[in-house]
Amino acid sequence: MKSAATSIDGASHSSHGSDLSSSAARNPARIPILYVILGVLLVISIVPMYFYSAQVEAINRDRLKTNEMLLQNTVTRSLADDLSQHERSLRMMLSNLSSAIQVASGGDIGSKNIEAPELRALLENFVSSSDEVAYATLLNSEAKGISAGRIAPDAFLQRELQRAYDAARDGRAYNGPALQVEDGKTSRTVVLVSSPVSYGGRFLGMVGAVVDLQFLIRRLQEVSGGGLIPYVVDAQGRLVAAGTAQYVTGQDMKNLEIVRNFVDEGSKAQLAATKEFDVHEGKNNIEMLGTYSRVTTLDWAVVVQKPQREAYRGVYEMQRTARLLALMAVLLSIGVSIFAARRITNPLQVLAESGRALARGDFSQRVHLRSRTEIGELAETFNTMSSELEQFVEDLKRAAEENRALFLGSIQMLAGAVDEKDPYTRGHSDRVTRYSLMIGKELNLDAAFMETLQISAQLHDVGKIGIEDRILKKPGALTAEEFEVMKTHTTKGANILRPVTQLAEMLPGIELHHEALDGRGYPYGLKGDQIPLLARVIAVADTFDALTTNRPYQTAHTPEEALKIIQNLAGKRLDPEPVAALLAVYGRGEIRIQRIAIKRAAPAAAMNAPSPEAAAELPVEAMNLERTRV
């Protein structure tokens, strides 16, 4: 019986072995489980990392590009403002010279008086008073006159003098095109500026000045470098001056797309515009990033351009670094995945070998699997791989935060540059930002709004970079005319930043933080809810800091005095909700102000019952606040 049983069992085993062998023969194209597991591990480890790193790279690339565009915009706007200031100064000098000529000649510069020593002395003093004036001339109504200067007019300059004289006869001032005079080392770029001389409505003649543009060339040379190419063009697209010898005066620059856009738009051209374009140099095509800013008083434009490979150098370096790290992570992931897959499949291979051995009837084979140890090693491998992937992702996040910090730092440096124009406002933008965020937190504003509020408050006074120092630093209340100029800082700031599309959400706080609820604010006289919440919050913080800091035109108020003035303005000029939030924050002692000088002593119960004298002063302070440089 035992022998029979053995034979039956053996037959049974042989039958199963034949089935297994025939099954293997029928499925020769089976995919090894090693490849399946390896593929799954690669997909779940590499694909999310790839998409995340691509997204982070795109965000950082956009921020770096924004910083470069903002830098170009700041450079061109500064140069354009300098040119406008020079033009206004020269016009004022010509006006003063014309008045002096009228007084010295008694209103008569005819052929008898035109050669008078007094007139010649005035002309010579005019030329010698400025290094920028190379030549000056005075012509009477008969086109006869006198001149003084360091250069002799050539045929081109004579032709411009004739055009200027014709314009003067029509009662018009004249700004000529840029001209190249003299040769060699003495060569210089000049432009003719003239004004008519009249007395009692009667045309007496013309006074003209030839301005040496060397000051402009020096400024352009100062900002050139690092691939940045600055130059100035007129309304027809001809070159006025450049910071490099690459271009010559009078050269037609309309072959450059950015100049052609400025010329085509004419008087409708934007105050500033930034764009990417191509420059063809022989067979080479160079991709450029350029910005132009209009010089409105001259119908000129200041242009800076830079090869994109230089402008976006930081972008490309960041891309190379990110891709190198990604490649390293991919290779690491592949290695770890292969190792892990093999650790998983090896026990299965052992089982398969053992199964085939059994199918062949080899019962001596034994399976030695320590499943607990193998699973533990597999888990440890996965943990190692996950840890390394997490570290890589954390590195990418840290890089993103560093780039965000760089972006905010750039904004703080720009705001700091504005504050540094006046020692009394040093730190003003930082304080206004801090107070604005305190108010926003008190109002439970969401995180996205708070980020917008932080940047907008930091840049709310950026337009003051275009306000003349004589107004900005004036030690006293502004005149009506000066105040009108000061009021333009809101729109100037918005115009400076408007080309940067990433800052569009911040513009209302910059442009509208001087609007008032009662419609008496500026620049547009908006009322109530027409004023965005962003601007209303910054207005309260801006007012509080202006009242609690020393200024040339006022001594700092105590915080209690400032809060009473602000309370008096609530509902009139300021939004009551941000005002209430500011009072709550101060009441909890979260605002600490270090004061050196106080305008007047605060009442004993500053926040409860003000004295009659203090209450009477509040409307006056509110009125005076309208003429400050808050």
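Going by the structure above, here's the rest.
Now for a quick tour of the structure. (Residues numbered from 1 in each chain as written. Predicted model: local features only at pLDDT ≥ 70, side-chain atom pairs only at ≥ 80, totals over all residues. Heavy atoms only, no water.)

1. Remarks on the overall build of the protein
Part 1: Of regular secondary structure, the protein possesses 19 helices and 11 strands.
Part 2: Looking at the 630 residues of the protein, the share that counts as buried comes to 44%.
Part 3: Accessible surface, the protein as shown: approximately 31,900 Å² in total, 54% of it carbon and sulfur. (Helix = DSSP H or I, 4+ residues; strand = E, 2+ residues; numbered from the N terminus. Buried < 20%, exposed > 50% of the residue type's maximum accessible area, 1.4 Å probe, protein only. Areas by Shrake-Rupley, 256 points an atom, 1.4 Å probe, with all protein chains shown as cover.)

2. Things to note about the side chain of His514
Part 1: Tracing the sequence through the fold places His514 in the loop between α15 (507–512) and α16 (533–547).
Part 2: On the basis of relative accessibility, which here comes to 5%, the residue His514 falls in the buried class.
Part 3: Among the polar contacts listed, one links the side chain of His514 to the side chain of His513, at a separation of 3.4 Å. (Polar contact = N/O pair within 3.5 Å; in protein donor to acceptor, adjacent residues only side chain to side chain.)

3. Digging into the packing of helix α10 (residues 428–442) against α16
Part 1: In the contact formed by α10 and α16, the axes pass within 8 Å of each other and the chain directions differ by 130 degrees. In terms of their interaxial angle, α10 and α16 are classed as oblique. Two packed elements cross with a definite hand, and for α10 against α16 that hand is right-handed. Of α16, the residues touching α10 (which contributes His428, Arg431, Val432, Tyr435, Ser436 and Ile439) are Val537, Ile538, Val540, Ala541, Asp542, Phe544 and Asp545. (Axes fitted to C-alpha atoms, helices over the stretch in contact; angles between N-to-C directions. Parallel < 35°, antiparallel > 145°, perpendicular 65-115°, else oblique. Left-handed = near helix turned anticlockwise from the far one by under 90°. Contact = heavy atoms within 4.5 Å.)

4. Quick notes on a nonpolar patch on the surface
Part 1: A contiguous nonpolar surface patch, about 670 Å² in accessible area, is contributed by Val36, Val40, Val43, Ile44, Val47, Tyr50 and Phe51.
Part 2: Structurally, Tyr50 can be placed in helix α2 (residues 33–105). (Patch = residues over 30% accessible without salt bridge, like charges linked within 9 Å, V, L, I, M, F, W, Y side chains within 5 Å. Salt bridge = Lys/Arg side-chain N within 4 Å of Asp/Glu carboxyl O.)

5. Some words on α10
Part 1: In a regular helix each residue adds 1.5 Å, so 15 residues correspond to 21 Å; α10 covers 21 Å between its end C-alpha atoms and thus fits that length.
Part 2: Taken as a whole, α10 has its buried residues at His428, Ser429, Arg431, Val432, Thr433, Tyr435, Ser436, Met438, Ile439 and Gly440.
Part 3: Of the residues one or two after α10, Asn444 is the one with positive phi, at around 55 degrees. (Expected span 1.5 Å × (residues − 1).)

6. Focus: the pairing of strand β2 (residues 145–149)
Part 1: Residues Ile146 and Ala148 line the buried face of β2, whereas the alternating positions Gly145, Ser147 and Gly149 sit on a face that is not buried.
Part 2: Note: strand β1 (residues 133–140) against β2, 5 bridges, orientation antiparallel. Note on β2: the bridge partner recorded for Tyr135 is Gly149.
Part 3: Between β1 and β2, which pair antiparallel and follow one another directly, the connecting turn spans 4 residues, one of which, Ala143, has a positive phi of 65 degrees. (Pairing = 2+ DSSP bridges.)

7. Section: the side chain of Asn73
Part 1: Looking at the element boundaries, Asn73 is found in helix α2.
Part 2: Setting aside chain neighbours within four positions, we find Asn73 in contact with Ala272, Thr291, Ser293, Ile496 and Pro499.

8. Some details on unusual backbone geometry
Part 1: Going from Tyr522 to Pro523, the amide bond is cis rather than trans, its omega being 15 degrees.
Part 2: Its location among the elements puts Pro523 in the loop between α15 and α16.
Part 3: In this model, Ala143 sits at a positive phi of 65 degrees, which is unusual for a non-glycine residue.
Part 4: By secondary structure assignment, the location of Ala143 is in the loop between β1 and β2.
Part 5: One non-glycine residue, Asn444, adopts positive backbone phi at about 55 degrees.
Part 6: Residue position: Asn444 is located in the loop between α10 and α11 (447–458).
Part 7: Relative accessible area serves as the criterion here: at 69%, Asn444 is assigned to the exposed category.

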